[in-house]
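Letter by letter, the chains look like this.
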Amino acid sequence: MTGFILFRNAVLRVLHHLDEALAVSGLIWIGILIIQILSFGAVDMEGLEAGDPAAVSGNGFMLLFIANLAMVIGSCWIAVEWHCYALEGKRPTSAFPSWNGKRILSYFFLSILIGIGIGMAVGLFAGVLFSLFGTMLSQSIGGLFLIVVIGLPAVFLFLRISPVLPAVALGNKLSFGDAWNATKPYSASIFQAAILSIAALIVVQFIAPVFGSGIVGLLYELAVGWLLLMVNVSLLSSIYELSLKGQLHD
């Protein structure tokens, strides 16, 4: 088993089951799309990117908050439903996915907990790195250096403990320690998959300026965001299958 096979499996799972992927996520993502477009029209995005506090005020701030909240909750909703399909074969039974509030909110809060923990660990690593070598490395190599040296360990750590998320989606409990031990035999493959995940993100970010920062750029971000979400959730499902069930399906 290689990381390429692991990552390829995640991509093929979406492509081979595109109808189910759209059934699970389509209407939710359309709702997110509508909210994002509304907030885009109410907020000075260029000013926001430039750090101008006047770019967001009043209703614009509220819309931006709602848009971000909808994105996060909607993504967790889609993730839970896609895990259930990928791991248990539970196909969507209606045009709109069912809402399982307990699992979705557990997935949401667990994701935040993981993000905080990994953020602290990687932040400590980055602090030590820059205290030893200063900013010279980041200035000479640029953002790519930061993504690889800081982002790669973060993604790897996340993938190593990621089985806790599919477990929650299925209504099971799995400790971080058990997840870490279960993925240990596949560390090399997971590390390779983390490299491919980072590479995919770099490609997406490299292409993004072609579409600009207007509405076309927003639509590109949302379309690519959907694809990355589905592939990444599929990757977590594949790691869960491999580490806890000893098998892998596409």
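As the structure is a prediction and not an experimental result, all values here were calculated from the model.

(A) Spatial organisation of the packing of helix H10 (residues 187–207) against helix H11 (residues 215–245). For the pair H10 and H11, interaxial distance at closest approach is 11 Å and the crossing angle is 175°. Taken together, the axis directions place H10 and H11 in an arrangement best described as roughly antiparallel. Of the residues in H11, those touching H10 at Ile190, Ala193, Ser197, Val204 and Ile207 are Tyr220, Val224, Leu228, Asn232, Leu235 and Ile239. Among the residues making up the contact of H10 with H11, the classes are represented as 9 nonpolar, 2 polar and no charged.

(B) Molecular detail of the layout of surface pockets. There is about 230 Å³ of room inside the second largest pocket. Taken together, 14 residues form the lining of the second largest pocket, with Glu81, Lys90, Arg91, Pro92 and Ser98 sitting closest to its centre. Examining the composition of the lining of the second largest pocket, we find that 3 residues originate from one element, helix H4 (residues 59–88), more than from any other. Here the lining of the second largest pocket is built from residues that sort into 6 nonpolar, 4 polar and 4 charged.

(C) The arrangement of the pattern of salt bridges in detail. This structure, assessed with the given rule, holds 3 salt bridges. In this structure, the salt-bridge partner of glutamate 241 is arginine 13, at a minimum N-O distance of 3.2 Å. Remark: arginine 13 occurs in helix H1 (residues 3–16) and glutamate 241 occurs in helix H11; sequence separation between them is 228 residues. A salt bridge links arginine 91 to glutamate 20, with the shortest nitrogen-to-oxygen separation between them at 2.3 Å. Residue arginine 91 is located in the loop between H4 and helix H5 (101–133), and its partner glutamate 20 is located in helix H2 (residues 18–42); the two are separated by 71 residues in the primary sequence. On the accessibility criterion, glutamate 20 (15% relative accessible area) is buried.

(D) Quick look at the UniProt feature "transmembrane region" (unreviewed entry) in the chain. When the UniProt feature table is mapped onto this chain, "transmembrane region" (unreviewed entry) is found at residues 21–41, 61–83, 104–132, 144–169, 190–212 and 218–240. Across residues 61–83, the secondary structure splits into 100% helix and 0% strand, with the terminal C-alpha atoms separated by 33 Å.

(E) Summary view of the nonpolar core. Core analysis: the largest hydrophobic core is formed by 56 residues, its most contacted members being Trp82, Tyr107 and Leu235. At 12 residues, the largest contribution of residues to this core is made by H11. When residues no more than four places from it in sequence are discounted, the contact partners of leucine 235 are Leu6, Phe7, Ala10, Leu159, Ala193 and Ser197.

Definitions and cut-offs
- Residues numbered from 1 in each chain as written.
- Predicted model: local features only at pLDDT ≥ 70, side-chain atom pairs only at ≥ 80, totals over all residues.
- Heavy atoms only, no water.
- Axes fitted to C-alpha atoms, helices over the stretch in contact; angles between N-to-C directions.
- Helix = DSSP H or I, 4+ residues; strand = E, 2+ residues; numbered from the N terminus.
- Parallel < 35°, antiparallel > 145°, perpendicular 65-115°, else oblique.
- Contact = heavy atoms within 4.5 Å.
- Nonpolar A, V, L, I, M, F, W, Y, C, P; charged D, E, K, R; others polar.
- 1 Å grid on protein atoms, 1.4 Å probe; cavity = no way out; pocket = protein on both sides within 12 Å on 5 of 7 lines; lining within 4 Å.
- Points joined across faces, edges and corners; volume = space filled by probe spheres on them.
- Salt bridge = Lys/Arg side-chain N within 4 Å of Asp/Glu carboxyl O.
- Buried < 20%, exposed > 50% of the residue type's maximum accessible area, 1.4 Å probe, protein only.
- UniProt positions renumbered as here; feature names shortened; annotations may be inferred.
- Core = buried A, V, L, I, M, F, W, Y, C linked by side-chain atoms within 4.5 Å.

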